[in-house]
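Summary of structural features
For reference, the chains in residue letters:
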Amino acid sequence: MKNIIILVSGSGSNLQRIIDTIDNGEIQNAKVSLVVADRECFGLERAKNHNIENVLIPRGKNFSSELSKIIPENTDLIVLAGFLSILKPEFCENWVGKIINIHPALLPKFGGKGMWGHHVHHAVIEAKEKESGATVHFVTSGIDEGEAILQKSFEVTENDTPETVAEKVHSIEYEIFPKAINKVLGN
């Protein structure tokens, strides 16, 4: 059984999707063994509702070192699911190839510092992009610079708003996140 640690900052809807796809067998031979949040959020409640060990480590300069202390050695994958803090380069290097993130755009476009959530969707609309999507990628010390594992796109129409783009992106995230986790775990 592969051990997955999930880091969250918000509602935990992608966390819930991962839990559900483990339960229904879409993600095989894996369990969420720990959920870590960097702020009070509903993601922690979701973990509690599923009897998953959970920890709050307040965001700040010591987050990565505190996280390092509680990540079990037998961790197979660390998944950033709506996680907004930046991990220290040393942490990323210690877990190279074992940390993934989902980003609400087609990287390398609209990635980097400040490019998260609604900021990305506004930027996509402002740039009059013809397509957007989501990317699951490896986490490295460079923000959103890791190799893409899986990407899927959709057409952005002239009637789309940041809100409609967000809805379409979220739908794609639900589709590709479990597939990317299986791929990384070798399932």
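Because the structure is a prediction, the values reported are computed rather than measured.

1. Concerning the state of the cysteines
- Throughout the structure, instances matching the rule amount to zero disulfides.
- Of all cysteine sulfurs, the one in Cys-41 lies closest to Cys-92, which takes part in no disulfide; the gap is 20 Å.
- When its relative accessible area of 3% is taken as the criterion, Cys-92 is described as buried.

2. Some details on the pattern of salt bridges
- Summed over all chains, the structure comprises eight salt bridges.
- With a closest N to O distance of 3.1 Å, Glu-66 and Lys-69 form a salt bridge. With a gap of three residues between them, Glu-66 and Lys-69 both fall in helix H3 (residues 63-70), about one helical turn apart.
- A single salt-bridge network, built from bridges that share partners, covers Lys-152, Glu-175 and Lys-179.

3. Some details on the UniProt feature "site: Raises pKa of active site His" (unreviewed entry) in the protein
- Annotation from UniProt places "site: Raises pKa of active site His" (unreviewed entry) at Asp-144.
- Assignment of secondary structure puts Asp-144 in the loop between strand E6 (131-138) and strand E7 (148-155).
- Under the relative-accessibility criterion, Asp-144 is labelled buried at 14%.
- When neighbours within four sequence positions are excluded, Asp-144 is seen to be in contact with Asn-101, His-103, Leu-107, Gly-111, Gly-112, Met-115 and His-137.
- Polar contacts involving the side chain of Asp-144 include one to the side chain of His-103, which spans 3.5 Å.

4. Notes on the packing of aromatic side chains
- Going through the model one piece at a time under the given rule, you end up with one aromatic pair.
- Ring geometry for Phe-63 and Phe-83: centres 5.5 Å apart, planes at 40°, overall tilted. Here Phe-63 is found in helix H3, whereas its partner Phe-83 is found in the loop between strand E4 (75-80) and helix H4 (89-94), with 20 residues between them in sequence. Each of the two residues, Phe-63 as well as Phe-83, counts as buried.

5. Side note on the nonpolar core
- In this structure, Ile-4, Ile-6, Ile-18, Val-79, Phe-177 and Ile-181 are the most contacted members of the largest nonpolar core, which totals 37 residues.
- Here the element with the most residues in this core is helix H6 (residues 162-185); it accounts for eight residues.
- With residues near it in sequence (within four places) discarded, Ile-181 still touches Ile-4, Ile-18, Ile-27, Leu-77, Val-79 and Ile-100.
- Of all hydrophobic cores here, the second largest spans 17 residues; its members include Leu-80, Phe-83, Phe-91 and Trp-95.

6. Topic: H3
- If you check which residues of H3 are buried, you get Phe-63, Ser-64 and Leu-67. Buried residues of H3, viewed axially, fall in a sector of 90°; they line one side.
- Packed against the buried residues of H3 are strand E1 (2-8), strand E2 (30-37) and H4.

The rules behind these values
Residues numbered from 1 in each chain as written. Predicted model: local features only at pLDDT ≥ 70, side-chain atom pairs only at ≥ 80, totals over all residues. Heavy atoms only, no water. Disulfide = S-S within 2.5 Å. Buried < 20%, exposed > 50% of the residue type's maximum accessible area, 1.4 Å probe, protein only. Salt bridge = Lys/Arg side-chain N within 4 Å of Asp/Glu carboxyl O. Helix = DSSP H or I, 4+ residues; strand = E, 2+ residues; numbered from the N terminus. UniProt positions renumbered as here; feature names shortened; annotations may be inferred. Contact = heavy atoms within 4.5 Å. Polar contact = N/O pair within 3.5 Å; in protein donor to acceptor, adjacent residues only side chain to side chain. Phe/Tyr/Trp six-rings, centres within 6.5 Å; stacked < 30°, edge-to-face > 60°. Core = buried A, V, L, I, M, F, W, Y, C linked by side-chain atoms within 4.5 Å. Arc of directions from axis to C-beta.

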